[in-house]
Amino acid sequence: MDKTSIIKNSREFNISSKKYLDFKKKISKYLNPYQVKKIEKSFNLACDAHKGQVRKSGEAYIHHPLSAASLLADFQLDHESIMAAILHDVIEDTEIGKENLKKSFGVKVAELVDGVSKLDKLSFSTKEEADAANLRKMILAMSQDIRVILIKLADRKHNLETIDALDSKKRKKIGKETLEIFAPIALRLGIHSLNKELEDLAFETVYPFRYATLRSMIQKSRGNRKELMEKIKNLIEKKLQDEGLNTSVVAREKHVYGLYKKMKLKEFKFSQINDLFGVRVISNTVDDCYRSLGIIHNLYTPVPGRFKDYIAIPKSNGYQSLHTSIIGPHGLPIEIQIRTKDMNILAESGIASHWFYKSKNIPSLKNYTKEQQWITNLLSIQKDSGNPKEYLKSIKADLHPGKVYVFTPKGNILDLPKRSTIIDYAYAVHTDLGNNYASSKVDDLPASPSTILKNGQRVEILVNKKFIPDPGWLNFVVTEKARHSIRAYLKSIKKIDAIALGKKLLDYSLKDFDIQLNDIPKKTLNIVLQEYSCETIDDLYAEIGLGNSIAKLVAMRIAPTDMPLKENSASNTDIQIRGTEGLVVSYAKCCYPIPGDPILGHISQEKGVVVHRQKCRSLNHMKKSSDETLDLSWADNVDDTFSASIKVEVENVRGVLAMISAQIAQNDFNIESVTYDDTKTTGHNIMVFVISINGVKELNKLIKKLKKNSNILNVERKRS
Ligand code: MN
């Protein structure tokens with residue numbers, strides 16, 4: 001032991017130190033004396049074990065685990081977590097092993113400590129491998145007991161708080177890792193308060209100058225508004241009290257990294273950020289929340305369209321709150337959040353609130369299946385991934401969505417844009433894999449070329465040198481590489497080859513209708529050629545071979561049928577779906593496809609081509625059955641109206657139907673039908689409107705407008 005540590009030793013900690021006493025006070029508020037005593041025992045052991053050890057900051061080591069434990073006590077975590085936090089570095093850094101802990105504190109605590117220790121135990125040759133290995137361990141530990149990650153997050157927070165003692169290279173590494181992995185995990189687990197704290201600490205570490213600049217801008221802005229905010233806060237508080245509501249009102253402020261992200265993401269100037277300051281009202285009951293809202297809206301003018309009722313319809317992570325914006329003095333918009341105490345705990349602590357509810361023997365506001373599912377999903381990625389580097393890549397993808405990550409049969413990871421299909425994948429691996437594509441499997445099951453890939457799937461492509469690209473693929477590929485390669489291939493084939501290819505494709509498609517080209521009367525053939533603006537049958541073959549017409553649809557058009565010919569079928573101007581010249585096209589009433597939707601055609605001799613949305617559930621069984629569906633795409637400039645169906649969930653108030661109908665009509669849309677679904681007894685009504693519309697863009701605009709209507713709880717496209 002060197003001289004410095006002996007000196008520090010004399011200043012070491014024990015159970016009568018102030019920091020420990022404060023901590024003890026905190027845990028005594030929610031844990032029973034027996035549990036507090038056990039924690040004290042663990043503290044004594046940790047003090048002994050770390051005796052003589054000094055943090056880089058010069059503090060006695062025990063400060064660190066005690067700080068982590070104290071943070072978890074703020075979340076009112078159970079006594080096992082607190083003990084494990086106090087002991088979290090003893091296996092790693094001292095003589096004490098897992099067995100010792102098991103004997104003294106039980107198997108649970110020993111496993112938690114072991115779990116935390118394992119997270120950074122292994123060392124690898126490269127930084128990337130080390131990162132990935134740690135992450136892999138973390139996910140595994142997390143899946144066994146989520147408390148391990150909560151301890152790890154608390155550990156990380158204190159390390160960041162005392163990071164000044166480290167050299168700049170280490171600081172940057174820890175800061176970056178926090179922004180990339182730990183803070184997003186805290187967010188995914190719904191622990192917003194910790195997420196914000198980690199982000200700000202890490203942001204300051206990685207970008208000290210940016211942090212300082214923004215921080216001072218906020219401070220300056222706060223200086224200007226302090227009085228104003230205080231005034232608003234007091235006014236709201238008093239008014240709510242006068243109305244007999246027992247609420248607490250707090251002024252709040254955006255965190256620095258949140259501001260940075262918003263400015264960067266939306267390319268906003270500082271002056272354009274108007275939710276820098278806000279007010280939060282915490283009430284006792286849900287009823288009080290709505291009453292407070294009414295009172296505040298009476299006091300100040302609400303900003304139209306900013307009211308959101310996340311109490312009636314919680315966010316997918318369980319978050320509940322009322323949001324509104326009011327126009328404060330000097331025309332300043334101010335964001336107001338209103339929620340109950342319980343909702344506030346959930347909003348701030350997320351999954352960590354689970355133990356809070358457990359200790360009080362009250363059921364938690366939500367169950368954590370989503371978070372559990374997420375962890376299970378991460379686990380399956382780790383099982384499938386080939387090497388640590390790829391694993392790291394895929395986890396980051398999961399924490400920062402936008403791409404889809406899939407595996408090759410050898411376990412390599414490929415990242416593709418969202419909505420990529422098997423053909424996109426094939427071309428991404430190798431051009432030959434696309435050009436000679438014969439069939440494919442996703443997770444060992446046969447899949448069609450247009451299948452949209454999902455995260456974590458394993459894709460296998462079987463090739464055959466005799467096969468060449470199907471021009472129809474152009475209808476669904478999303479990557480430039482695939483589109484370009486298919487076009488390049490089709491262009492490269494000479495007209496004579498295009499004719500041969502087109503003939504082959506058409507012959508093949510005609511087989512489905514049990515006929516051959518020779519069986520087709522010349523008269524029919526001539527009509528069809530005219531429809532496709534072709535002079536000879538070779539021209540038509542070439543069109544098919546070059547990917548301009550779809551063989552299957554041409555076959556269907558020339559096959560004998562009882563269907564009446566479409567009127568004015570010679571004109572191509574009113575084609576809505578590419579390649580359906582001369583065919584009867586109708587739009588499915590289950591999913592109401594409109595231009596802009598990804599679509600599939602269901603083909604039958606009785607009904608012609610029935611267009612469905614790719615998402616349509618009723619297609620599922622058809623897809624499985626046989627070759628009856630076909631990828632389709634909209635013609636370039638469709639100028640027509642279509643029927644679309646939207647589901648509107650509304651408060652059950654009088655006149656609501658009339659009001660919404662009026663709003664739709666004011667936006668120049670025709671309502672074709674309305675159906676009421678009052679089977680649910682939630683006090684809400686669900687109405688399904690079928691309206692005439694041009695396309696997806698227009699529909700989205702309408703949905704956006706309707707969402708701003710405060711009587712409407714939710715609006716969405718009806719799926720099927
Ligand atoms: Mn630690």
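Just so it is clear, the structure is predicted and the values come from calculations on it, not from any experiment. (Residues numbered from 1 in each chain as written. Predicted model: local features only at pLDDT ≥ 70, side-chain atom pairs only at ≥ 80, totals over all residues. Heavy atoms only, no water.)

Here's the deal with the nonpolar core
Using the following cut-off: Note on terminology: a nonpolar core comprises buried Ala, Val, Leu, Ile, Met, Phe, Trp, Tyr and Cys residues joined through side-chain atoms within 4.5 Å. Throughout, exposure labels follow a simple rule: accessible area from a 1.4 Å probe, protein chains only, divided by the maximum for the residue type, with under 20% read as buried, over 50% as exposed, and the rest as partly exposed. For the purposes of this description, domain bounds are those given by an automatic or database domain assignment. Residue contacts are counted whenever heavy atoms from the two residues lie within 4.5 Å of one another.
In terms of nonpolar packing, the biggest core is built from 100 residues, with F23, I82, L101, I191 and I236 touching the most fellow members. Formed jointly, this core draws a minimum of three residues from each of two domains, domain 1 (3-209) and domain 2 (214-359). The contacts of F23, once residues within four sequence positions are left out, are I39, L66, A69, S70, A73, I82 and I86.

Quick notes on the pattern of salt bridges
Short version of the rule: Basic side-chain nitrogens of Lys or Arg form a salt bridge, by our definition, when they fall within 4 Å of a carboxyl oxygen of Asp or Glu. Segments assigned H or I by DSSP are reported as helices when at least four residues long, segments assigned E as strands when at least two residues long, and all are numbered from the N terminus.
According to the stated counting rule, one finds 21 salt bridges in the structure shown. Between D155 and K152 there is a salt bridge; the shortest N-O distance is 3.2 Å. Taken together, the positions of D155 and K152, both in helix α10 (residues 147-161) and three residues apart, correspond to about one turn of that helix. Across the salt bridge formed by K157 and E197, the nearest N and O atoms sit 3.3 Å from each other. Residue K157 is found in helix α10, and its partner E197 is found in helix α12 (residues 192-206); the two are separated by 40 residues along the sequence. With a relative accessible area of 12%, K157 lands in the buried category. Taking the relative accessible area as the measure of exposure, E197 reaches 34% and is therefore partly exposed. One salt-bridge network, held together by shared partners, links D78, E80 and R147.

Considering the environment of V463
Turning to its location among the elements, V463 is positioned in strand β11 (residues 459-463). Overall, the relative accessible area of 47% leaves V463 in the partly exposed class. Separated by 28 residues in sequence, V463 and N435 place their C-alpha atoms 8.6 Å apart. Each residue touching V463, except ones within four places of it in the same chain, is listed here: D432, L433, N436, Y437 and A438.

Some words on the pairing of strand β6 (residues 333-340)
Keep this limit in mind: When DSSP finds at least two bridges between two strands, those strands are taken to pair.
By the criterion of burial, β6 is predominantly enclosed, with seven of the eight residues buried. Of the pairings in the sheet, the one linking strand β2 (residues 277-283) to β6 comprises six bridges and is parallel in character. Across the sheet, residue G278 finds its bridge partner in β6, namely E335. As defined by bridge partners, strand β5 (residues 322-327) adjoins β6 across six bridges and the pair is classed as antiparallel. Bridging from a neighbouring strand, T324 pairs with I336 of β6. The turn linking β5 back onto β6 is made up of five residues, and H330 within it adopts a positive phi angle of 60°.

Details of the coordination of the manganese ion
Cut-off, in case you're wondering: For Na, K and Ca the donor cut-off is 3.2 Å, while for other metals it is 2.8 Å, and in both cases only N, O and S atoms qualify; water is not among them, so sites may look incomplete.
Surrounding the manganese ion are the protein donor atoms H64 (NE2), H88 (NE2), D89 (OD) and D155 (OD), which sit 2.2 to 2.5 Å from the metal. Here the donor residues of the manganese ion share one chain and are spaced in sequence as H-x23-H-D-x65-D. With H88 in the loop between α5 (79-86) and α6 (90-93) and D155 in helix α10, this pair connects stretches of sequence that are 67 residues apart. Considered together, H88 and D155 belong to a single accessibility category, that of buried residues.

Examining the sheet that holds strand β9 (residues 437-442)
The line we're drawing: Under this scheme, a helix contributes an axis fitted over its contacting stretch, all axes are lines through C-alpha atoms, and angles between N-to-C directions fall in the 0 to 180 degree range.
In space, the three strands of this open sheet follow the order β10-β9-β11, with antiparallel pairing throughout. Either end of the sheet is taken by a strand with one partner, and the two such strands are β10 (445-447) and β11. Taking the axes of each pair of neighbouring strands and ignoring which way they run, one obtains an average angle of 35° across the sheet.

Thoughts on the side chain of H63
Short version of the rule: For the purposes of these results, a polar contact is taken to be a pair of N or O atoms within 3.5 Å, where, inside protein, one atom must be able to donate a hydrogen and its partner to accept one; residues adjacent in sequence count only when each atom of the pair is a side-chain atom.
Relative to the elements of secondary structure, H63 occurs in helix α4 (residues 63-74). A distance of 3.3 Å separates polar atoms of two side chains, one belonging to H63 and the other to K19. The residues contacting H63, other than those within four sequence positions of it, are F13, K19 and H158.

Side note on a positive patch on the surface
For clarity, the threshold we go by: Patch definition: residues above 30% relative accessible area lacking any salt bridge, with like charges linked at up to 9 Å and the nonpolar side chains Val, Leu, Ile, Met, Phe, Trp and Tyr linked at up to 5 Å. All accessibility values rest on the Shrake-Rupley procedure with a 1.4 Å probe; residue burial counts only the protein chains present in the view. Within this scheme the basic residues Lys and Arg register as positive and the acidic residues Asp and Glu register as negative, but His and the chain ends are omitted. Each charge is placed at NZ for Lys, CZ for Arg, CG for Asp and CD for Glu.
Residues K308, K315, K697, K701, K704, K705 and K708 make up a contiguous surface patch of positive charge. Of the residues forming the positive patch, the biggest block, four residues, is contributed by helix α29 (residues 696-707). Relative to the helices and strands, K697 is located in helix α29. The class of K697 is exposed, set by a relative accessible area of 72%.

As for the environment of K18
Along the chain, the position of K18 falls in helix α2 (residues 18-28). At 2.9 Å, the side chain of K18 and the side chain of D22 are in polar contact.

What to know about the confidence of the model for the protein chain
Predicted coordinates in areas of low pLDDT are best not read in detail. Here is the rule we go by: Residue-level confidence of the predictor is summarised by pLDDT, bounded by 0 at the bottom and 100 at the top.
Per-residue confidence for the protein chain gives a mean pLDDT of 80; residues scoring 70 or more make up 81%. This stretch, residues 1-10, has a pLDDT under 50; its non-local contacts, to residues over four places away or in other chains, come to nine contacts. Throughout residues 564-573 the model reports pLDDT below 50, and contacts reaching past four residues in sequence, or to other chains, amount to ten contacts.

Quick word on the packing of aromatic side chains
Definition in use: Two rings from Phe, Tyr or Trp (for Trp, the six-membered ring) form a pair when their centres sit within 6.5 Å of each other. Planes less than 30 degrees apart are called stacked, planes more than 60 degrees apart edge-to-face, and all others tilted.
Within this structure, the stated rule accounts for twelve aromatic pairs. Ring geometry for Y437 versus W473: centroids 5.6 Å apart, planes at 90°, classification edge-to-face. In this pair, Y437 sits in strand β9 while W473 sits in the loop between β11 and α22 (480-492), placing the two residues 36 residues apart along the sequence. Each member of the pair, Y437 together with W473, is buried. Pairing Y587 with W634 gives two aromatic rings, centres 5.9 Å apart and planes at 5°, and the pair type is stacked. Taken together, the residues span a long stretch of sequence, with Y587 in strand β12 (residues 585-587) and W634 in the loop between β15 (629-632) and β16 (642-651) at a distance of 47 residues. Across the pair, exposure class does not vary: Y587 and W634 are buried alike. Members of the aromatic cluster, each reached through a chain of ring pairs, are F203, Y207, Y211, Y257 and Y260.

A short note on the state of the cysteines
For clarity, the threshold we go by: Two cysteine sulfur atoms make up a disulfide if the distance between them is within 2.5 Å.
Taken as a whole and assessed by the stated rule, the structure comprises zero disulfides. You can see C591 has no disulfide; the closest cysteine sulfur is in C616, sitting 3.7 Å from it.

Quick notes on the packing of α2 against helix α3 (residues 33-49)
Each pair of packed helices can be described by the angle between their axes along with the distance between the axes. Our working definition: The labels follow the angle: roughly parallel below 35 degrees, roughly antiparallel above 145, roughly perpendicular from 65 to 115, and oblique for the rest. Rotating anticlockwise by less than a right angle from the far helix to the near helix defines a left-handed crossing, while the corresponding clockwise rotation defines a right-handed one. In this classification, Asp, Glu, Lys and Arg are treated as charged, Ala, Val, Leu, Ile, Met, Phe, Trp, Tyr, Cys and Pro as nonpolar, and every other residue, Gly included, as polar.
Interaxial distance between α2 and α3 falls to 10 Å at its minimum, and their mutual angle equals 150°. When the interaxial angle is binned, α2 and α3 end up roughly antiparallel. Between α2 and α3 lies a crossing of right-handed hand. Residues Y20, F23, K24, I27 and S28 of α2 lie in contact with α3, whose contacting residues are V36, I39, E40 and F43. In the contact of α2 with α3, the residues fall into six nonpolar, one polar and two charged.

Observations concerning the packing of helix α23 (residues 495-511) against helix α25 (residues 537-545)
One way to put it is that α23 packs onto α25 with a least axis distance of 7 Å and a crossing angle of 85°. Here α25 runs roughly perpendicular to α23, going by the angle between their axes. Residue-level contacts link K495, A498, I499, L501, G502, K503, L505 and L506 of α23 to D538, D539, Y541, A542, I544 and G545 of α25. Its residues assigned to classes, the contact of α23 with α25 comprises eight nonpolar, two polar and four charged.

Remarks on α3
As a reminder of what qualifies: In this scheme, a helix's expected span is set at 1.5 Å multiplied by one less than its residue total.
The end-to-end C-alpha distance of α3 is 24 Å, a good match for the 24 Å that 17 residues give at a rise of 1.5 Å each. Those residues of α3 hidden inside the fold are in contact with α2, α4, α5, α6 and α7 (98-105).

Points about unusual backbone geometry
Even without glycine at this site, S533 takes up a positive phi of about 55°. Relative to the helices and strands, S533 resides in the loop between α24 (522-531) and α25. For Y592, which is not glycine, the phi dihedral falls at a positive 45°. On the secondary structure map, Y592 appears in the loop between β12 and β13 (599-604). Y592 gets classed as buried once you look at its relative accessible area, which sits at 15%.

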